[in-house]
Amino acid sequence: MMLAHFLAFKALLLGVSMLANKVFSNVRATNGQPVRANYIVLFPDGPADLSDNRLTAAQRVGSRARYRYDVRIVAVDAEGMLVLADAVMSLVGAVPDVTGRVSTPVRLVPGVEEGKGRYDSVTDLHYLDLSFEFWSQPA
């Protein structure tokens, strides 16, 4: 179930033509050093909440679930970071397709602590972290 949701969210990212071949599930490195390139890191995660919308319901794998995914944009310059950020933000309002489930539209999670773009002089790379979430429930 968790893998299906992750793959559905990843498919949304890969559906944006600018992000083709730029989505990875870990930071790219060569010989222990970060690769200088423009790409996206999608961090997998399990459901943040399981709920049947009843106070007395027991949690079940098939329950209504909220999935939250963190996306790190890595770029060699600030402009590249913003171009990729625009592409990633196009996911807002998209609906992940998970077999046997109905999902709400993807939304940006407000107030992400890391969310501000930053430059790391050690790696000579720009980073921007964004978090997205959606709810999924049995069809």
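First, a word on what this report is: a plain description of the structure on this page.

Conventions adopted
Residues numbered from 1 in each chain as written. Predicted model: local features only at pLDDT ≥ 70, side-chain atom pairs only at ≥ 80, totals over all residues. Heavy atoms only, no water. Salt bridge = Lys/Arg side-chain N within 4 Å of Asp/Glu carboxyl O. Helix = DSSP H or I, 4+ residues; strand = E, 2+ residues; numbered from the N terminus. Buried < 20%, exposed > 50% of the residue type's maximum accessible area, 1.4 Å probe, protein only. Expected span 1.5 Å × (residues − 1). Arc of directions from axis to C-beta. Contact = heavy atoms within 4.5 Å. Phe/Tyr/Trp six-rings, centres within 6.5 Å; stacked < 30°, edge-to-face > 60°. Core = buried A, V, L, I, M, F, W, Y, C linked by side-chain atoms within 4.5 Å.

**Structural notes on the pattern of salt bridges**
As a working rule, side chains carrying opposite charge can pair if their charged atoms are close by.
Then, in step 1: As enumerated under the stated definition, the model contains six salt bridges in all.
Then, in step 2: Taking the shortest distance from any N to any O, the salt bridge between Arg66 and Glu133 comes out at 2.9 Å. Residue Arg66 is found in strand β6 (residues 64-75), and its partner Glu133 is found in strand β10 (residues 125-138); the two are separated by 67 residues along the sequence. Both residues of the pair, Arg66 and Glu133, count as buried.
Then, in step 3: A salt bridge links Glu133 to Arg68, with the shortest nitrogen-to-oxygen separation between them at 2.7 Å. One end of the pair, Glu133, is in strand β10; the other, Arg68, is in strand β6, with 65 residues separating them in the sequence.
Then, in step 4: With relative accessibility at 5%, the residue Glu133 sits in the buried group.
Then, in step 5: The partly exposed category is assigned to Arg68, whose relative accessible area is 29%.

**Comments concerning helix α2 (residues 78-89)**
Then, in step 1: Helix length check: α2 (twelve residues) gives 16 Å between terminal C-alpha atoms against 16 Å at 1.5 Å per residue, within 8%.
Then, in step 2: Turning to α2, its buried residues number three or more, namely Gly80, Met81, Leu84, Ala85, Ala87 and Val88. Viewed along the axis of α2, the buried residues span an arc of 160°, placing them on a single side of the element. Residues of α2 that are exposed and angled more than 90 degrees away from the buried face: Glu79, Leu82 and Asp86.
Then, in step 3: Buried positions along α2 lie against α1 (2-14), β4 (39-43), β6 and β10.

**Some details on the packing of aromatic side chains**
Then, in step 1: Applying the stated criterion to the full structure yields eight aromatic pairs.
Then, in step 2: Consider the rings of Phe9 and Tyr69, whose centres lie 5.0 Å apart with planes at 20°: the pair is stacked. Pair noted here: Phe9 is in helix α1 and Tyr69 is in strand β6, with a separation of 60 residues, a long-range link. Accessibility classification places Phe9 together with Tyr69 in one group, the buried group.

**Considerations on α1**
Then, in step 1: The first and last C-alpha atoms of α1 sit 18 Å apart over 13 residues, in line with the 18 Å expected at 1.5 Å per residue.
Then, in step 2: Inspection of α1 places His5, Phe6, Ala8, Phe9, Leu12 and Leu13 among the buried residues, and these make up the whole buried set. Seen from one end, α1 has its buried residues packed into an arc of 160°, which puts them on one side.
Then, in step 3: Those residues of α1 that are buried lie in contact with β1 (23-24), β4, β6, α2, β7 (101-103) and β10.

**Things to note about the nonpolar core**
Then, in step 1: Grouped together as the largest cluster of nonpolar side chains are 26 residues, with contacts concentrated most on Phe9, Leu19, Ile73 and Val88.
Then, in step 2: Of all the secondary-structure elements, those providing two or more residues to this core are α1, β4, β6, α2 and β10.
Then, in step 3: Take this core: its biggest share by element is six residues, from β6.
Then, in step 4: For Leu19, the residues in contact, after removing those within four places along its chain, are Leu13, Leu14, Ile40, Leu84, Ala87 and Val88.
Then, in step 5: Grouped together as the second largest cluster of nonpolar side chains are seven residues, Val35, Ala37, Val41 and Val74 included.

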